[in-house]
Amino acid sequence: MATRTRTLRLERGERVQAVCVLGSRLTIDINGAAPTEAQWFSMRHSQNIDAEICNSDTSKMKVINGEKLWSLESGTVMELSMNTPSTEANDGKVTIAYYGPGADTPIDKAGVYLTGVEISLDVDADRDGIVEKNNPNKASWTWGPKGQGAILLVNCDKDSPVSRMRDGDDDIVFGQKDLEDMSPMVLRTRGPEKLPKGYHLLLHITASNSDKIAVFLYQNKMYSHVLGRSKLHYKLRYTGTNEKEFFVEGLCFPDATFPGLVSVSVSLLETLMEGIPEAPIYTDMVTFRMSPLIITPNILEPVEVFVCSVKDNYLFLKEIKSLVSEAHYKISICFEYVNRGDRWMQDEMEFGYIEAPHKGFPVVLDSPRDGGLKDFPIKELLRADFGYVAKTALCSDVSSLDSFGNLEVSPPVTANGKEYPLGRIIIGTSFPTTNGRRMAKVVRDFLYAQQVQPPVELYTDWLLVGHVDEIMTFVPAPDRKGFRLLLASPRACFQLFEQKKKEGHGDAAMFQGLETKRYTISKILSTDTLRQENAYVQRCIDWNRDILKQELGLTEEDIIDIPALFMLEKNEKNGKAANGNALNGKAVSFFPNMVNMIVLGNELGVPKPYGPIIKETCCLEQNIRSVLLPLDLKCTFIDDIVSYHQKLGEVHCGTNVRRKSFAFKWWNMVL
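Residues numbered from 1 in each chain as written. Predicted model: local features only at pLDDT ≥ 70, side-chain atom pairs only at ≥ 80, totals over all residues. Heavy atoms only, no water.

Student: Lay out the overall build of the protein with the relevant residues and their values.
Tutor: For the protein, the count of helices and strands is eleven helices and 41 strands. Over its C-alpha atoms the protein spans a radius of gyration of 35 Å, topping by over 25% the 26 Å that the globule rule assigns to 671 residues. Expressed as lengths along the three principal axes of its C-alpha atoms, the size of the protein is roughly 125 × 55 × 45 Å. Taking all 671 residues of the protein together, 58% fall into the buried category. Put simply, of all contacts in the protein between residues at least 6 apart along the chain, 73% involve residues at least 24 apart. Surface exposure of the protein reaches about 28500 Å², of which carbon and sulfur atoms provide 49%. Across the protein, the 77 positively charged side chains and the 87 negatively charged ones have centroids separated by 2 Å. (Helix = DSSP H or I, 4+ residues; strand = E, 2+ residues; numbered from the N terminus. Rg over C-alpha atoms; globule rule 2.2 N^0.38 Å. Buried < 20%, exposed > 50% of the residue type's maximum accessible area, 1.4 Å probe, protein only. Contact = heavy atoms within 4.5 Å. Areas by Shrake-Rupley, 256 points an atom, 1.4 Å probe, with all protein chains shown as cover. Lys, Arg positive; Asp, Glu negative; His and termini not counted. Charge placed at Lys NZ, Arg CZ, Asp CG, Glu CD.)

Student: Lay out a nonpolar patch on the surface with the relevant residues and their values.
Tutor: Together, L272, M273 and I276 give the surface a local cluster of nonpolar side chains, amounting to about 350 Å² of exposed area. Note on placement: L272 falls in the loop between β18 (261-270) and β19 (279-290). According to the relative accessible area criterion, L272 is exposed, its value standing at 71%. (Patch = residues over 30% accessible without salt bridge, like charges linked within 9 Å, V, L, I, M, F, W, Y side chains within 5 Å. Salt bridge = Lys/Arg side-chain N within 4 Å of Asp/Glu carboxyl O.)

Student: Would you mind going over the sheet that holds strand β26 (residues 407-409) in detail, with residue names and values included?
Tutor: Read across the sheet, three strands follow the order β26-β29-β30 without closing on themselves; strand pairing throughout is mixed. Each edge of the open sheet carries a strand with a single partner, namely β26 and β30 (456-459). Averaged over all adjacent pairs, the angle separating strand axes in this sheet is 30°, with direction ignored. With three bridges connecting them, β26 and strand β29 (residues 425-429) associate as antiparallel partners. Each residue of the ladder has a partner; that of E408, found in β29, is I426. The strands touched by helix α6 (residues 441-449) are β26, β29 and β30; relative to β29, the strand with the most contacts, the crossing angle is about 155°. Strands in contact with helix α9 (residues 528-552) are β29 and β30; relative to β30, the strand with the most contacts, it is inclined by about 165°. (Pairing = 2+ DSSP bridges. Axes fitted to C-alpha atoms, helices over the stretch in contact; angles between N-to-C directions.)

Student: Lay out the environment of Q495 in plain terms, naming residues and giving numbers.
Tutor: Tracing the backbone through its elements, the reader meets Q495 in helix α7 (residues 490-502). In this structure the C-alpha to C-alpha distance between Q495 and T27, which are 468 residues apart in sequence, comes to 84 Å.

Student: Describe the environment of P85, listing the residues and the values that go with them.
Tutor: Among the secondary structure elements, P85 is positioned in the loop between β8 (77-82) and β9 (92-99). P85 sits in the buried class, given a relative accessible area of 19%. Between the C-alpha atom of P85 and that of R545, which follows or precedes it by 460 residues, the distance is 66 Å. Ignoring sequence-local partners within four residues, the contact set of P85 consists of L22, G116, R190 and G191.

Student: Can you explain the sheet that holds strand β25 (residues 387-390)? Please cite residues and give values.
Tutor: Reading across the sheet, the four strands line up as β20-β23-β24-β25 and stay open at both edges, with mixed pairing between neighbours. Whereas interior strands pair on both sides, the edge strands pair on one side only; in this sheet they are β20 (294-295) and β25.

Student: Outline the UniProt feature "active site" (unreviewed entry) in the protein, listing residues and values.
Tutor: According to UniProt, the "active site" (unreviewed entry) feature falls on D347, H467, D469 and C653. In three dimensions, the annotated residues from a span of 307 residues occupy one location, with a maximal C-alpha spread of 10.5 Å. Examined against the element boundaries, H467 turns out to sit in the loop between β30 and β31 (472-476). In contact with H467, not counting residues within four places along its chain, are D347, S400, L401, S403, G405, N406 and T460. Polar side-chain contacts of H467 include one of 2.7 Å to the backbone oxygen of S400. Looking at the secondary structure, you find C653 in helix α11 (residues 651-654). With a relative accessible area of 5%, C653 lands in the buried category. Not counting residues up to four positions away in its chain, the partners in contact with C653 are R343, W344, M345, Q346, D347, D469 and N596. (UniProt positions renumbered as here; feature names shortened; annotations may be inferred. Polar contact = N/O pair within 3.5 Å; in protein donor to acceptor, adjacent residues only side chain to side chain.)

Student: Please provide a residue-by-residue account of the packing of aromatic side chains, values included.
Tutor: Inspection of the entire model under this criterion finds 19 aromatic pairs. When the centroid spacing of 5.6 Å and the interplanar angle of 70° are considered together, the rings of W143 and W666 count as edge-to-face. In this pair, W143 sits in the loop between β10 (108-122) and β11 (150-152) while W666 sits in the segment after β41 (655-659), placing the two residues 523 residues apart along the sequence. Residue W666 is classed as buried on the basis of its relative accessible area of 0%. Geometrically, the ring pair formed by F474 and F483 is edge-to-face, given 5.7 Å between the ring centres and 75° between the ring planes. (Phe/Tyr/Trp six-rings, centres within 6.5 Å; stacked < 30°, edge-to-face > 60°.)

Structure follows, in structure tokens:
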């Protein structure tokens, strides 16, 4: 931290009083109090003061009566600092004596009484969980493993058993659990029991930070809210050598207009006499960065699976419960009195977490879609050590692309020479040259502002629903990068069917056992419209394939094509997009889309595709099993065709998974 310097004025014939904070310097203009006829001066000071004469010609120095005299020249100044805190007020003394030409005795004097005090506002700037004293980097914030700067959690959980609000929405501390969500800050002072009259300390924040943080002071066995919202400053009583303990909580995440940095300052104020305004003579500052919301990808270990119970998904629910039980994870079922008939658990929310060196907890991000599940995240999930944040948008700005089936995260990757140890967010949008549907600006801005998982935007507006989970997913792998990207592929499906036809299975039919039109392999291969539509779909997917390869540093060996077919809807029943454009010509899955799966470690819950049965086995199921078997991945096929697929969704759309956090600490990223 740079040494602070301030100017002090002498008064001829008097001894002024001043407080000097250790680590700061006082600059005194020697000429300011000099008589007109003075040409020389001498200086004496007590042992607790370090003094230096600057801008005086040392060759002209002389000694009279044992006193060293400096030539009084224009620009001559004295720099002072205290080397120890004072034990009592005014115990540091400096005397300047002025001499005329040829005089042996001073013609006038001026002096200073100094009180030395140590003031240090301290935080955990080196991120080791301990509030160290006067870290030189505490006022700044830098990224990386050698970075410095304190971290705040957004206090978005609810530790109160009675309040309905998040902890950060009030000015109350709800016990030790609430305190643990805050970052400690300590004001350390050393010096005399009392300062000279006219000095006091002020803790303060800027108006622009007032809605970003709150500060609590522990005193008299209570926690008082002293800064934040309408409180921009708090007058502190100086009590000598002491430590005052504060707790700082974050109130909002980084966003488009807030980069995530906030500062708190303490100033020593001085007033010359009653009725004269105070002026700051010393300021110490600390800086915090708000923890970003980190969203978790499929490859992280599951903690809890969420699924809805609605009137027509009994079979689906039974199979999901069996899968989760087999994988040995917890399942939470949202019943109809809460979900109000809304089965799309994935679309309503996204799970992530926040973290500081001393604490971390999961956070649910609530989407602006606001279906029947809109109350589930805040009413059922918000609790102690489980946070909640919502992004709301105008109804006219919300489209299907704001549902969080349209928000995925890649595993950690390296691309174009840059490491992304927390992966990258992946969202769908419209083609750059169209005016199609896009994720609402408030949501996109929020995702970009978190910084640690820079988003990649894919082209998905060609899909009727428009979600990235309709064309891709990531699964863990024991080799290479630790994962594979699964992409829906009409080309792979036609190649598989053509192979099966050559083997003599052209009459094998899809959708067997269902009350729907059955398509044989030969019929699918000979339907020109289906071929043409899927050639278009494949081009759209290939466009995204190239983006993912470029932005995630993938090669073809990192990608596995999963057979899929789509068809284009062409009737008015699909309604209109949020921008008023008709949704005709948008693609939907022809059969249950296998990439739209739930990933639970090595256990995959895959939509049952109802593909052609060959030798008593679905050839589509056999294909995905065979390509994933080398990765030690087990496929369990979930029948979702009636309860989800026919409603334009699949297994992933109807489930959600909370996962463990990354081992990597976000503040160690190099941006």
